[in-house]
Amino acid sequence: MHAKGIIGKYAVGGASAVAFYAEPIATKDLDIFFLFEPPQDNLILSLEPIYDYCRENGYSHDHEFISIGGWDVQFVEAGHDELWKDALADARTFTFDGSSIDVLAPEHLAAMWSSVARPKDILKILHFISYDVLDSAKLKKILERFDMIETWRKIQAGVPDEFRY
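Report on the accompanying structure. (Residues numbered from 1 in each chain as written. Predicted model: local features only at pLDDT ≥ 70, side-chain atom pairs only at ≥ 80, totals over all residues. Heavy atoms only, no water.)

## Notes on the pattern of salt bridges
Pairing of side chains with opposite charge becomes possible as their charged atoms draw close.
So, step 1. Considering all chains together, one arrives at 13 salt bridges under this definition.
So, step 2. For Lys-85, the salt bridge identified is with Glu-82, shortest N-O distance 2.9 Å. Here Lys-85 and its partner Glu-82 are both found in helix α3 (residues 82-89), three residues apart, which amounts to about one turn of the helix.
So, step 3. Two residues, Arg-145 and Asp-86, come together in a salt bridge whose shortest N-O distance is 2.7 Å. Of this pair, Arg-145 sits in helix α6 (residues 136-145) while Asp-86 sits in helix α3, placing them 59 residues apart in sequence.
So, step 4. The partly exposed category is assigned to Arg-145, whose relative accessible area is 48%. (Salt bridge = Lys/Arg side-chain N within 4 Å of Asp/Glu carboxyl O. Helix = DSSP H or I, 4+ residues; strand = E, 2+ residues; numbered from the N terminus. Buried < 20%, exposed > 50% of the residue type's maximum accessible area, 1.4 Å probe, protein only.)

## Structural notes on the packing of α3 against helix α4 (residues 106-116)
So, step 1. The interhelical angle for the contact between α3 and α4, taken along N-to-C directions, is 165°, at an axis separation of 9 Å. As far as their axial angle goes, α4 and α3 are roughly antiparallel. Of the two possible hands of crossing, α3 and α4 adopt the one that is left-handed. Between α3 and α4, the residues in contact are Leu-83, Trp-84, Asp-86 and Ala-87 and His-108, Ala-111 and Met-112, respectively. (Axes fitted to C-alpha atoms, helices over the stretch in contact; angles between N-to-C directions. Parallel < 35°, antiparallel > 145°, perpendicular 65-115°, else oblique. Left-handed = near helix turned anticlockwise from the far one by under 90°. Contact = heavy atoms within 4.5 Å.)

Laid out in C-alpha cells, this is it:
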C-alpha cells in the first residue's frame, strides 16, 4: 500500500510493537499507525482506499480488521492526533523477516497507553518498565510537550520513582 501511494508514513504500534522491545505479550491484532498521502480533506475520514486495495489483492476483512498473512491488521490513521504524528516521526527501524519495518518508540507507546489508561494499557507500561526499555527523560519530554503530565499522574501509582513526574 505504501509503494502504491495509498498510505504514506506508517509504523507498527499497539501491543504488537512490544515484541520489538521486550518479551511479547498476547494480542489479537497488529496495529498499523499511518498517514494518508496526500492527507484526506473530507470531514469524515474514509479508509475505503485501504479496503479497496485489500479486496483487489484478495485480503478479507471483518469490520475494522483486515486479514493479511494470517494476521488481523487494524489500520489507524494518525493524522488527526499530534501525539500519534510525532510517534510516527520518531519511529525506530527494525529488520523483521528480511525486511525493514518501522515501530513506534516505547516512550510514545507509553504516552499513548497512558491516555487510554485501560488496565491492559497500564500493564503494558509496567511491562516496558520491568524490561528497562523506557527512557524516563524522553518519556517526560513527550508527556510535557503534549500536556499529558496530569494524565500520567493518574496512572503512575505502580511505577518506580524515576517515572513519577
